[in-house]
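Inside the fold
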Amino acid sequence: MQEWTLAHRLLTAALVAATGMLVAPAAQATAPMVTAPAGVLSGMKQGNADIFLGVPFAAPPTGPARWQPSTPLASYPAPIRATTARKGCSASISADIGETVNEDCLYLNIYRPAGVDAHAHLPVTVFIHGGGNQTGTPASYDGTEFATRTHSIVVIPTYRLGVFGFLALGGKPGLPQGDLALSDIISALKWTHDNIAAFGGNATGMSLVGESAGAANICDVLTAPAARGLVTQAIMQSGFCPGRPARVVMEGIGAATAQAAGCAGPDPLPCMKRLPVPTLLAAWNTVWQQPIVRLKDGTSVSRPLFPITPSGSILQPQPVDAAIRAGAVGSVPVLVGFNRDELRTFLAGYYPLSTDRYHTLLKQDYSGFAGNLQKEYPLPPGQDPVYTLAALRTDQMLICPALRGAAVLAGATPVAVYEFADRTAPPFRSLAMKLPDAPGFDRGASHTAELLYLFGYKSVAGPLSPAQQVLSARMMDMWATFGRSGTTAPWPAWTPQAPDVTVLALPADGGIRIERDVAARHHCGFWDRHPTIPNSLFP
């Protein structure tokens, strides 16, 4: 009861302080209005869609609630005017968005076809954004077209990032254990489950979709005991399941962060709670720039590639692969996918790359098997070596681990696999910083390239062509129907014995088709013999 009272007071203060969040008595008379179990919400009509922006799903994790688990809000203190997008959670500057210093951030956006009533029982898709669990915001996406095209409801929530979502300081009661971001995602799902029927959604037919780190977080949702039964199907775009650090590793990062922030001693949490957001972001970033993590027993291990919910935390008590094999996922169908040229955009700064520099990079990063790697990936005549570097890095770090993760999942639940292969997709364009230009560089089907085709991703240079719009419509339909029958239909099932992969391409490049040689094309037999994943995207 005491925790509920604190949450209620925090929410009331946040809503009263936020201009425009409370409904004026006669405002928005024709705006879409919903009476949900949590309270009355009014949104706005845009074209053929109803949109509700900045819907609170948990109390603000501010003040005494900093580094406390979130819980879904049961009721609002006043009607909500959900017409203004809220800032994302605190994060350093990224290619998507500038630095965000905002802890009052647990809100979600809802998109539905215009005029839907509470009896529509539309399917629901909850999308978890990416950003390495260090950055990202729902403001970079727009679920309008997906919702109206597929006659469904799209929900896009925030979750705490970086030091606020993944700080781990120990196993004692009251100390963060690195699973606060997961608590936010689960709270968003529970709030949606409890309230989406009022928006016309079917609470028993919720798809959970995530991209990059958002996809990795989905694996935690699928295996977390606290989230059991919340989703009926899951789609993981450019992310995979196994490979979580133990809590002791995240505690090592937490201890180093506390020290970098000037909070030494056996109990740094009270000191850290008094620090301003920029100080905490700077300390966290300093630690994540180091390749090694020192543990409390004095030993050292390699730093993880990005923050992730550790095994051994309250919400994730065991490793995800063990949880999957133990049946934690149940019978939830899972779609696993990747883009053909995932890491090309990340390595654009290496272009043009000389052959000598390429061989030097291989010897530097793959000293134990550089010669075998050169035989496995011979340089095509006349092509810049940067494309081969990007290909082998893509295969090693994303595609082959995704297929290994699919094999683990396929032993417990129905699985399908796709590869997005439109190499003419509009390239990434930073909205927050000027990135090095690489004239003549072919970005191909890079990381995030599929997002514009599905969830209105805004960090792109240019619109879709007519042929790409057709592919986009097909993809939305395929995403919306995946797993609704309890199987992978209409997608073909994938197993290690029958590895049918759905390739998504334009008609000029073979169109949408089924291929079985995708693992071989990405040299996964080689990488299965060298499964260690580097902790940096850059060699």
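Being a predicted model, the structure only gives us computed values, none of them experimental.

Remarks on the environment of Thr135
Relative to the elements of secondary structure, Thr135 occurs in the loop between strand S7 (122-128) and helix H2 (144-150). Separated by 25 residues in the primary sequence, Thr135 and Arg160 place their C-alpha atoms 9.1 Å from one another. Sequence-distant contacts of Thr135, defined by excluding residues within four places in its chain, comprise Ala91, Ser92, Ser94, Ile97, His129, Gly130 and Leu161.

A few points about the sheet that holds strand S5 (residues 80-81)
Pairing is mixed across the open sheet formed by 3 strands, whose spatial order is S1-S2-S5. Every other strand in the sheet has two partners, leaving strand S1 (33-36) and S5 as the edge strands with one partner each.

Things to note about the pairing of strand S9 (residues 201-211)
Burial within S9 is extensive, with 9 of its 11 residues counted as buried. Relative to S9, S7 is paired through 6 bridges, and the arrangement is parallel. Residue pairing in the sheet places Ile128 in a bridge with Gly210 of S9. With 5 bridges joining them, S9 and strand S10 (residues 233-237) adopt parallel strand pairing. Its bridge partner lying in S10, Val209 is registered against Ile235. Handedness of the crossover is the feature at issue here: the chain leaves S9, passes through helix H5 (residues 213-223), returns alongside S10, and the resulting connection is right-handed.

Describing the pairing of strand S15 (residues 501-504)
By the alternation rule, side chains of S15 split into Val501 and Val503 and Thr502 and Leu504, which are all buried. In this sheet, S15 lies alongside strand S14 (residues 415-420) in parallel orientation, the contact comprising 4 bridges. In the strand pairing of S15, Glu419 is matched with Val503. Bridge count between S15 and strand S16 (residues 513-515): 3 bridges; the pairing is antiparallel. Its bridge partner being in S16, Val501 is matched across the sheet by Glu515.

Overview of the pattern of salt bridges
Inspection of the entire model under this criterion finds 19 salt bridges. Among the salt bridges present, the one from Arg160 reaches Asp184, with a minimum N-O distance of 2.9 Å. Here the residue Arg160 occupies a position in the loop between strand S8 (153-157) and helix H3 (162-166), and Asp184 occupies one in helix H4 (residues 180-195), the gap between them amounting to 24 residues. Given the relative accessible area of 3%, Arg160 is considered buried. Residue classification places Asp184 among the buried residues on the basis of a relative accessible area of 0%. Here the salt bridges share partners, and the residues they tie into one network are Arg340, Glu419, Arg513, Glu515 and Arg521.

A closer look at the sheet that holds strand S4 (residues 49-56)
Pairing is mixed across the open sheet formed by 11 strands, whose spatial order is S3-S4-S6-S8-S7-S9-S10-S13-S14-S15-S16. The outermost strands of the open sheet, each flanked by one partner alone, are strand S3 (44-46) and S16. When strand polarity is set aside, the average angle formed by the axes of neighbouring strands in this sheet is 25°. Of the strand pairs in this sheet, strand S6 (residues 107-113) and S8 are connected by 4 bridges, and their pairing is antiparallel. Bridging from a neighbouring strand, Asn109 pairs with Ile156 of S8. Together, S4, S6, S7, S8 and S9 form the strand contacts of H4, whose direction differs from that of S9 by roughly 155°. Sheet strands in contact with H5 are S7, S9, S10 and strand S13 (334-339), and its direction is about 130° off that of S9.

So, the side chain of Ser472
Its place among the elements puts Ser472 in helix H14 (residues 466-481). On the accessibility criterion, Ser472 (2% relative accessible area) is buried. Ser472 has contacts with Tyr453 and Leu464, leaving out every residue within four places of it along the chain.

Basis of the calculations
- Residues numbered from 1 in each chain as written.
- Predicted model: local features only at pLDDT ≥ 70, side-chain atom pairs only at ≥ 80, totals over all residues.
- Heavy atoms only, no water.
- Helix = DSSP H or I, 4+ residues; strand = E, 2+ residues; numbered from the N terminus.
- Contact = heavy atoms within 4.5 Å.
- Pairing = 2+ DSSP bridges.
- Buried < 20%, exposed > 50% of the residue type's maximum accessible area, 1.4 Å probe, protein only.
- Right-handed = clockwise from strand over helix to strand, strands pointing away.
- Salt bridge = Lys/Arg side-chain N within 4 Å of Asp/Glu carboxyl O.
- Axes fitted to C-alpha atoms, helices over the stretch in contact; angles between N-to-C directions.

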